[in-house]
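# Breakdown of the fold
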Amino acid sequence: MIPACPLRSLPRGEAFRLDAEPPIAVFHTEDGQIYAIDDTCTHQDASLADGWLEGCEVECPLHASKFDLRTGQVDAPPAKLPVRTHRVVVEDGTIFVIPSEAPANLPPGVGVRPQGAA
Amino acid sequence: MRTVAVVGASLAGLSAARALRDQGYDGRLVLIGDEPHRPYDRPPLSKEFLAGRMDEADLALETETDDLDATWILGTAAAALDPGERAVRLGDGRTVRTDAVVIATGAAARTLPGTERLSGVHTLRTLDDARALRADLAGAERLVVVGAGFIGAEIASTARALGLHVTLVEPAPAPLAAAIGAEMGAVVAGLQAGQGVEVLCGTGVREVTGTTRADGVILTDGRRVPADVVVVGIGARPNVAWLAGSGVEIADGVLCDATGATGVPGVVAVGDCAAWFDPAGGAHRRVEHWTGAARRPAVAVRALLAGASATSGSSGSDVRPPEPPYFWSDQCGVRIQFAGRTGPGDEITVEEGSLADRSFVAVYRRGDRPVAVLGIDLPRPFTRWRKRLAAEALQSAAP
Ligand SMILES: Cc1cc2nc3c(=O)[nH]c(=O)nc-3n(C[C@H](O)[C@H](O)[C@H](O)COP(=O)(O)OP(=O)(O)OC[C@H]3O[C@@H](n4cnc5c(N)ncnc54)[C@H](O)[C@@H]3O)c2cc1C
Ligand code: FES
């Protein structure tokens, strides 16, 4: 379980990029849900935390693929693969992410940096 | 409507095919493309693919969930359109009968006259071009890029990162000046120079020298720059020659209304070959960007399907105007994003970040109205501005 950020520092409609390996994006939707997915778009190298949040969907800021935050499914191309989702718990006002054990769908040309590397 | 033919099997054609199925068209669908390849993505050709970080499989545009139920005719060009006969004639003599046509034949790279006889001179538009350039760069030390539009500037940056000595030559005062204005183009010139690219603006190329293989260029100011490889990146012209005699009106591209409909009923045009009427600018313009080729086909297909059901053949009134043009470019280790359109005299203010940090969002205003936004390495605020421009464009188009 990784502590992400205090709940009050993530207002509704906002996103937070957690510097994990690979990075994780945490979203607080307008209707109060919190979701975590891999931050890197599965299409190419863009950060989904920088994307456009609408309902339970995030639109990639680069080529506008849409991902369902609940399932990670692609709702609009060009992305071909779903983005990995992570479980979230809120305890004592802090958002925690439980990283998924499933393999990440990283885009071509983007590798996972070895732990601890800069 | 029983058959729709999509001519051009790349991004705009594939997007049109998807839009047809998404919008409920269940008749026969034929895609005709002159390249032998399944639809592939071009932007990486000057970036990750050229750098060797992506391979050909990564370029595929189709997804596993695509279920187009289409007939593909690849490796064969459309040679003529005969709307009266409702037919597309193919280069190999065959004819495809069809009730409607989506024109999506894109554009081809312009070449420098007189360079055809020389090896070592490249343009970059297709996968085959990219393979050839990648192979040629592998053995080269000095590259001259003629033209600092997006593709030229990206190739310069990629080749520099591969370790080549690169000279970027541009007659305009700055790189990307036509798209983002000279003032912000100068910022890009600074990024290129900072990476070690020699940027020569305000001068053109008079001649590419060499007997069988290019060995350099002579600039309009008389200077000579040696080169092992020369890339010509001086824009693209729409692939519309095959439409001669079809009755479809052609200027710089296929003339369309603001929904992609041509003057010929049952014929729409999308992507780089199409000059849609731009209500904001009051003129027809081609938009040669990925996002336009990916998203506008849904608008054109709506017009096509509405036209098929309306007796007048006019496009439906519920058709929304297209979003302001958007493009991105990766070069010099930064991501450039731009939305809207700029013209001379626009006032530019930096709204977030700073030029010094090479990370900022700049907004272009005409009078008090924001008309365009440029982002360098700040996607989040850029996207908010882009959405705002789109919302304002929608509002001002509302009756
Ligand atoms: C190297 C490169 C880098 C780019 N980078 C970016 C970028 O970073 N950002 C961005 O926004 N945009 C970028 N673009 C632009 C983007 O790729 C184009 O806007 C997009 O490809 C247009 O799609 P299209 O389907 O309209 O045309 P095209 O992709 O040109 O496809 C048209 C297809 O039709 C075929 N065709 C032509 N004539 C016929 C015929 N008579 N019969 C049958 N088929 C025919 C062509 O061979 C081609 O396969 C880049 C383009 C290139 C070349
Ligand atoms: S990088 Fe996200 S859609 Fe392309």
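About the criteria used
- Residues numbered from 1 in each chain as written.
- Chains lettered and ligands numbered in written order.
- Predicted model: local features only at pLDDT ≥ 70, side-chain atom pairs only at ≥ 80, totals over all residues.
- Heavy atoms only, no water.
- Helix = DSSP H or I, 4+ residues; strand = E, 2+ residues; numbered from the N terminus.
- Rg over C-alpha atoms; globule rule 2.2 N^0.38 Å.
- Buried < 20%, exposed > 50% of the residue type's maximum accessible area, 1.4 Å probe, protein only.
- Contact = heavy atoms within 4.5 Å.
- Areas by Shrake-Rupley, 256 points an atom, 1.4 Å probe, with all protein chains shown as cover.
- Lys, Arg positive; Asp, Glu negative; His and termini not counted.
- Charge placed at Lys NZ, Arg CZ, Asp CG, Glu CD.
- Polar contact = N/O pair within 3.5 Å; in protein donor to acceptor, adjacent residues only side chain to side chain.
- Expected span 1.5 Å × (residues − 1).
- Buried area = accessible area lost by both parts, 1.4 Å probe.
- Salt bridge = Lys/Arg side-chain N within 4 Å of Asp/Glu carboxyl O.
- Nonpolar A, V, L, I, M, F, W, Y, C, P; charged D, E, K, R; others polar.
- Near = heavy atom within 4 Å.
- Domains from an automatic or database assignment.
- Pairing = 2+ DSSP bridges.
- Axes fitted to C-alpha atoms, helices over the stretch in contact; angles between N-to-C directions.
- Phe/Tyr/Trp six-rings, centres within 6.5 Å; stacked < 30°, edge-to-face > 60°.
- Lys NZ or Arg CZ within 6 Å of the ring centre and 35° of its normal.

Scanning chain B for helices and strands turns up eight helices and 27 strands. Relative to the 2.2 N^0.38 estimate, which gives 21 Å for 399 residues, the radius of gyration of chain B is 22 Å and therefore close to what a compact globule would have. For chain B, the spread of C-alpha atoms along the three principal axes comes to 60 × 55 × 40 Å. Within chain B, the fraction of its 399 residues that count as buried is 54%. Partitioning the contacts of chain B with sequence separation of at least 6, the portion at a separation of at least 24 is 59%. Carbon and sulfur atoms form 49% of the exposed surface of chain B, whose accessible area is close to 16900 Å². Distance between charge centroids for chain B: 1 Å, based on 41 positive and 48 negative side chains.

Okay, the side chain of Ser-329 of chain B next. Residues and elements named next belong to chain B. Within the secondary structure, Ser-329 sits in strand 23 (residues 326-331). For Ser-329, a relative accessible area of 0% translates into the label buried. At 3.0 Å, the side chain of Ser-329 forms a polar contact with the side chain of Gln-331. Ignoring anything within four residues of it in the chain, the contact list for Ser-329 reads Lys-47, Phe-150, Glu-154, Val-334, Arg-335 and Ile-336.

The subject of this paragraph is the environment of Val-208 of chain B. Residue and element names in this part refer to chain B. Secondary-structure assignment places Val-208 in strand 13 (residues 205-210). Given the relative accessible area of 6%, Val-208 is considered buried. In contact with Val-208, other than residues within four places in its own chain, are Leu-112, Thr-115, Leu-118, Val-121, Ala-214, Gly-216, Val-217 and Val-230.

All names here are of chain B. The end-to-end C-alpha separation of helix 6 (residues 182-194) is 18 Å, in line with the 18 Å expected for 13 residues at 1.5 Å each. Of all the positions in helix 6, only Met-184, Gly-185, Val-187, Val-188, Ala-189, Leu-191 and Gln-192 are classed as buried. Where helix 6 terminates, the next one or two residues include Gly-196, which has phi positive at roughly 100°.

Taken together, the contact between chain B and chain A spans 23 residues of the former and 21 residues of the latter. Roughly 1900 Å² of surface becomes buried between chain B and chain A when both sides are summed, with 50% attributable to carbon and sulfur atoms. Among the residues of chain B in contact with chain A, Arg-335, Arg-380 and Lys-387 of chain B are the three that bury the most area, contributing 29% of the side total. At the boundary of chain B and chain A, one finds three salt bridges. The partner of Arg-380 of chain B in a salt bridge is Asp-50 of chain A, with the nearest N and O atoms 3.1 Å apart. Mapped by element, the contributors of at least two residues to the side of chain B that touches chain A are helix 7 (290-309), strand 23, strand 24 (334-340) and helix 8 (379-397) of chain B. Ranked by the residues each element gives to the side of chain B that touches chain A, the list is headed by helix 8 of chain B, at six residues. Classifying every residue of the side of chain B that touches chain A gives eight nonpolar, three polar and twelve charged.

Time to look at the side chain of Thr-98 of chain B. All names here are of chain B. Structurally, Thr-98 can be placed in the loop between strand 6 (95-97) and strand 7 (100-103). Within the local environment of Thr-98, its side chain forms a polar contact with the backbone oxygen of Ala-100, the two atoms lying 2.8 Å apart. Not counting residues up to four positions away in its chain, the partners in contact with Thr-98 are Thr-3, Val-4, Ala-5, Arg-86 and Val-88.

All names here are of chain B. As a structural note, the neighbourhood of ligand 1 is formed by 33 residues, with Asp-34, Glu-35, Arg-42, Lys-47 and Arg-125 the closest of them. A distance of 2.8 Å separates an oxygen atom of ligand 1 from a polar atom in the side chain of Ser-10. Burial of ligand 1 by the protein amounts to 94% of the accessible area it has alone, namely 990 Å². Elements supplying a minimum of two residues to the shell around ligand 1: helix 1 (11-22), strand 2 (28-33), helix 4 (150-161), helix 7 and strand 23. Here the shell around ligand 1 gathers at least three residues from each of two domains, domain 1 (3-108 + 237-306) and domain 2 (111-234).

Sheet strands pair by backbone hydrogen bonding; their relative direction is either parallel or antiparallel. What the four strands build is an open sheet, ordered 18-19-21-22 (chain B); its pairing is mixed. Each having just a single partner strand, strand 18 (250-251) and strand 22 (283-286) of chain B make up the two edges of the open sheet.

So, about helix 4 of chain B. Residues spaced three or four apart along an α-helix point in a common direction, a consequence of the helix completing one turn every 3.6 residues. Residue and element names in this part refer to chain B. With twelve residues, helix 4 ought to run about 16 Å at 1.5 Å a step, and its terminal C-alpha atoms sit 17 Å apart, in line with that. Where burial is concerned, most of helix 4 is hidden: nine out of the twelve residues are buried. Inspection of helix 4 places Phe-150, Gly-152, Ala-153, Glu-154, Ile-155, Ala-156, Ser-157, Thr-158 and Ala-159 among the buried residues, and these make up the whole buried set.

Residue and element names in this part refer to chain B. Spatial ordering of the open sheet is given by 23-24-27-26-25, a layout of five strands whose pairing is antiparallel. Two strands bound the open sheet, and with one partner strand each, they are strand 23 and strand 25 (347-354). With strand direction ignored, the average angle separating the axes of adjacent strands in the sheet is 15°. Here five bridges tie strand 24 to strand 27 (residues 369-376), and the two strands are oriented antiparallel to one another. The partner of Phe-338 across the bridge, within strand 27, is Leu-374. Those strands touched by helix 6 are strand 23, strand 24, strand 25, strand 26 (359-366) and strand 27, and its axis lies near 160° from that of strand 26.

Our next topic: unusual backbone geometry. Omega for the bond connecting Glu-21 of chain A with Pro-22 of chain A falls within 30 degrees of zero, at -5°, which places this linkage in the cis form. By the secondary structure assignment, Pro-22 of chain A is in the loop between strand 2 (14-18) and strand 3 (24-28). Going from Pro-77 of chain A to Pro-78 of chain A, the amide bond is cis rather than trans, its omega being 15°. Even without glycine at this site, Cys-332 of chain B takes up a positive phi of about 55°. Tracing the chain through its elements places Cys-332 of chain B in the loop between strand 23 and strand 24. Although it is not a glycine, Asp-377 of chain B adopts a positive phi angle of roughly 55°. On the secondary structure map, Asp-377 of chain B appears in the loop between strand 27 and helix 8.

Let's shift gears to the packing of aromatic side chains. Both the distance between ring centres and the angle between the ring planes are used here to describe each pair of aromatic rings. Residue and element names in this part refer to chain B. Evaluation of the coordinates by the stated rule reveals five aromatic pairs over all chains. Here Phe-150 and Phe-327 contribute two aromatic rings whose centre-to-centre distance is 4.4 Å and whose plane-to-plane angle is 65°, an arrangement assigned as edge-to-face. Separated by 177 residues along the polypeptide, Phe-150 in helix 4 and Phe-327 in strand 23 bring together distant segments of the chain. Assessed through its relative accessible area of 19%, Phe-150 is described here as buried. Take Phe-327: its relative accessible area is 6%, and that puts it in the buried class. Here a set of aromatic residues connected by ring pairs shows up, and it is made of Phe-150, Phe-327, Phe-338 and Tyr-364. The ring of Phe-49 carries the charged tip of Arg-134 above its face, separated from the ring centre by 4.2 Å.

In short, geometric facts, not functional conclusions.
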